[in-house]
Amino acid sequence: MTKSEKLKPEAFDKDGWQVDQKDDWQGNNVAFTCRACGRVFIVSGRIHSGRRTCKCGQSEGFVKGGRKSGGSAWLVMKEAAN
Ligand SMILES: [Zn+2]
């Protein structure tokens, strides 16, 4: 099972800070906080082609396009098997 969490451009204030402080999205670069291990990892549209898995392997961040140009960014988490 996986769970996807989409970043909302409207969750950022006029200075570009995300109100809930978990993630950051500037242009086509996103810093996600892994919900499983707490590590912050960067996903760049340019360097990582918009897709990168956290070191722990439990979450994968995606970014497509820029925050101010109709792009999207989301984090997919693998749910631990119970
Ligand atoms: Zn992680």
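Scope of this entry: the structure provided in the associated data block. Keep in mind the model is a prediction, meaning the values are calculated, not measured.

**Remarks on the overall build of the chain**
A tally of regular secondary structure across the chain gives 0 helices and 7 strands. When the helices and strands of the chain are read in sequence order from the N terminus, they spell out β-β-β-β-β-β-β. A globule of 82 residues ought to have a C-alpha radius of gyration of about 12 Å, and the chain, at 12 Å, matches this closely. For the chain, the share of sequence-separated contacts (at least 6 apart) that also reach a separation of at least 24 residues comes to 32%.

**Concerning the sheet that holds strand S3 (residues 29–33)**
One open sheet holds the 3 strands; their spatial order is S2-S3-S4, and the pairing between them is antiparallel. Taken across any chain shown, the strands that pair with only one partner, and hence form the sheet edges, are strand S2 (24–26) and strand S4 (40–44). Strand-to-strand twist across the sheet, computed as the mean angle between neighbouring axes with direction ignored, equals 15 degrees.

**Comments concerning the environment of Gly 16**
Assignment of secondary structure puts Gly 16 in the loop between strand S1 (2–6) and S2. Each C-alpha atom of the pair Gly 16 and Gly 27 lies 9.9 Å from the other, and the pair is 11 residues apart in sequence.

**Describing unusual backbone geometry**
As a rule of thumb, non-glycine residues mostly have phi less than zero, and peptide bonds are mostly trans rather than cis. A positive phi angle, near 55 degrees, is found at Ser 49, a position not held by glycine. One can find Ser 49 in the loop between S4 and strand S5 (51–53).

**Description of the environment of Asp 20**
Note on placement: Asp 20 falls in the loop between S1 and S2. Of the residues examined, Asp 20 has 8 C-beta atoms within 10 Å and is grouped as exposed. The sequence separation of Asp 20 and Gln 58 amounts to 38 residues, and the corresponding C-alpha distance is 21 Å.

**What about the sheet that holds strand S6 (residues 59–64)?**
Reading across from one edge, S1-S7-S6-S5 is the order of the 4 strands in this open sheet, with antiparallel pairing throughout. The sheet is open, and its two edges are formed by S1 and S5, each paired on a single side. Within the sheet, the average angular offset between the axes of one strand and its neighbour, ignoring direction, is 15 degrees. Of the pairings in the sheet, the one linking S5 to S6 comprises 3 bridges and is antiparallel in character. Bridging across to S6, Arg 51 finds its partner in Phe 62.

How each quantity is defined
- Residues numbered from 1 in each chain as written.
- Predicted model: local features only at pLDDT ≥ 70, side-chain atom pairs only at ≥ 80, totals over all residues.
- Helix = DSSP H or I, 4+ residues; strand = E, 2+ residues; numbered from the N terminus.
- Rg over C-alpha atoms; globule rule 2.2 N^0.38 Å.
- Contact = placed C-beta atoms within 7 Å.
- Pairing = 2+ DSSP bridges.
- Axes fitted to C-alpha atoms, helices over the stretch in contact; angles between N-to-C directions.
- Buried ≥ 20, exposed ≤ 12 C-beta atoms within 10 Å, placed from the backbone.

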